[in-house]
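Residue strings, one per chain:
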Amino acid sequence: MWYDNPLAGGYQTLCDRLAERIREQGGTVNTSTAVDSIEAGEPAVVTVGGEARSYRMVALTVLPPVARRLIGDTEGAALAGTPSRYLGIVCVLLKTRHS
């Protein structure tokens with residue numbers, strides 16, 4: 001039945017559990033953090049409040065126009081094919097290998 005669902009509580013439950021698992025594995029989850037810019041690469045460089053921070057992986061959950069501004073994609077080439085309409089909630093599952 002629907003109430004036996006381990007994700008009872010919806011997307012917030014999913015996000016909370018994902019963040020908890022990332023932290024258990026030694027990762028960092030930053031939320032509600034104003035980002036100035038993002039530079040793709042290995043590592044990715046995220047500038048927050050003028051401070052450059054390096055990360056192995058970065059996930060953006062913002063509207064495409066905001067993502068384009070953050071990555072400096074003035075021509076729209078990097079996100080070509082990305083839907084321009086906002087879907088509200090999008091669930092993304094990532095699987096990475098621990099090195």
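Our subject is the structure that appears above.
Rules used throughout
Residues numbered from 1 in each chain as written. Predicted model: local features only at pLDDT ≥ 70, side-chain atom pairs only at ≥ 80, totals over all residues. Heavy atoms only, no water. Helix = DSSP H or I, 4+ residues; strand = E, 2+ residues; numbered from the N terminus. Buried < 20%, exposed > 50% of the residue type's maximum accessible area, 1.4 Å probe, protein only. Contact = heavy atoms within 4.5 Å. Pairing = 2+ DSSP bridges. Axes fitted to C-alpha atoms, helices over the stretch in contact; angles between N-to-C directions.

Asks: I would appreciate a short explanation of the overall build of the protein chain in the present structure.
Replies: Counting its regular elements, the protein chain contains 2 helices and 3 strands. Sequence-ordered secondary structure for the protein chain, helices as α and strands as β, is α-β-β-β-α. Burial status across the protein chain gives 13% buried among its 99 residues. Of all intrachain contacts in the protein chain linking residues separated by at least 6 positions in sequence, the fraction that spans at least 24 positions is 23%.

Asks: Just checking my understanding: could you explain the sheet that holds strand E1 (residues 37-39) for this structure?
Replies: Hydrogen bonding along the main chain pairs the strands of a sheet, whether they run parallel or antiparallel. Reading across from one edge, E1-E2-E3 is the order of the 3 strands in this open sheet, with antiparallel pairing throughout. Two strands close off the open sheet at either side, each with one partner strand: E1 and strand E3 (51-55). Ignoring which end each strand starts from, the neighbouring axes of this sheet average 25° apart. Across 3 bridges, the pairing between E1 and strand E2 (residues 44-48) is antiparallel. Looking at E2, one finds that Ile 38 is bridged to Val 46.

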